[in-house]
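# Architecture and fold: a report
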Amino acid sequence: MNIIIFGPPGAGKGTQSKFIVEKYNLYQLSTGELLRNEIKKETVLGSQISSIINSGELVSDEIVSKLIQNFISDQKYKEKLIFDGYPRNLNQAINLDNLLKQSNQKINLVLNLSVSLETIKKRISERQYQEKRSDDNEETAIKRFKTYEKTTKPLIEYYKNSNLLKEVNGESTINEINIKISGLIDSIKGWQ
Ligand code: AMP
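Figured I'd write up the structure that's included with this text. All values derive from a computational prediction rather than experimental measurement.

Reading guide: rules and limits
Residues numbered from 1 in each chain as written. Predicted model: local features only at pLDDT ≥ 70, side-chain atom pairs only at ≥ 80, totals over all residues. Heavy atoms only, no water. Near = heavy atom within 4 Å. Polar contact = N/O pair within 3.5 Å; in protein donor to acceptor, adjacent residues only side chain to side chain. Areas by Shrake-Rupley, 256 points an atom, 1.4 Å probe, with all protein chains shown as cover. Helix = DSSP H or I, 4+ residues; strand = E, 2+ residues; numbered from the N terminus. Nonpolar A, V, L, I, M, F, W, Y, C, P; charged D, E, K, R; others polar. Salt bridge = Lys/Arg side-chain N within 4 Å of Asp/Glu carboxyl O. Buried < 20%, exposed > 50% of the residue type's maximum accessible area, 1.4 Å probe, protein only. Axes fitted to C-alpha atoms, helices over the stretch in contact; angles between N-to-C directions. Parallel < 35°, antiparallel > 145°, perpendicular 65-115°, else oblique. Left-handed = near helix turned anticlockwise from the far one by under 90°. Contact = heavy atoms within 4.5 Å.

### Quick look at the site of the ligand
- Taken together, 16 residues are adjacent to the ligand, and Thr31, Glu57, Gly85, Arg88 and Gln92 come closest.
- Take Arg36: an N or O atom from its side chain is 3.0 Å from an oxygen atom of the ligand.
- Between the ligand and the protein, one listed contact pairs a nitrogen atom with a side-chain N or O atom of Arg88 at 2.9 Å.
- Within the complex, 96% of the 480 Å² of free accessible area of the ligand lies under protein.
- With four residues, the single largest contributor to the shell around the ligand is helix α2 (residues 31–40).
- In the shell around the ligand, the residues fall into six nonpolar, four polar and six charged.

See below:
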């Protein structure tokens, strides 16, 4: 079972991914977290990534693709990945399909967590104090939301065409969303 979890910044992708990982014994592949780890290494690449993330734009497809490749080809993670924050544009979606094909895998479920901009602003200002992410300020959050609307949201159509997409109301409580997602995962044929 490979799952993609979609949603604007602050939709709860990370929180829900962690829950799915625990309950279903999967691995979370968060490109945002991998990028933040790269920044912590204080390399030249890390500082370039940092300015892009803080501007609310997307890091280049090449950089992000390199970060995920090893996970996809690793037997340990085979058919056990939850993609949190990847793909974020059409090129990445096609790249992901190709990488999965090369190792005889596919996506089984795409979850779309939808939330309003008002809720996002509220959640991000709360998260600012807990996680201290440099891109969790209102100005960057709005830019990230715009990047999502313009570049990532169109991908929903791409996955709708393959019948993998399931809508989840991201305005509900964490627990309600957990229950909804569990139901969707459990309903996939052949998955126990
Ligand atoms: P996230 O933790 O998923 O909210 O990601 C934080 C930031 O990392 C995003 O706003 C982007 O700048 C960058 N990022 C994460 N995933 C990707 C991706 N798949 N492609 C390009 N940039 C990404």
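### Here's the deal with the pattern of salt bridges
- Taken as a whole and judged by the stated rule, the model has seven salt bridges.
- Salt-bridge contacts for Glu38 lead to Lys41; the nearest nitrogen and oxygen are separated by 3.2 Å.
- On the accessibility criterion, Glu38 (14% relative accessible area) is buried.
- We classify Lys41 as exposed; its relative accessible area is 56%.

### Details of the packing of helix α6 (residues 117–131) against helix α7 (residues 138–152)
- Close contact between α6 and α7 brings their axes to 10 Å; oriented N to C, the two are set at 135°. Judged on the interaxial angle alone, α7 and α6 are oblique. Crossing angle aside, the handedness with which α6 passes α7 is right-handed. Between α6, through Leu117, Ile120, Lys121, Ile124 and Arg127, and α7, the contact on the second element is made entirely by Glu138, Ala141, Ile142, Arg144 and Phe145.
- Counted by class, the contact of α6 with α7 contains six nonpolar, no polar and four charged residues.

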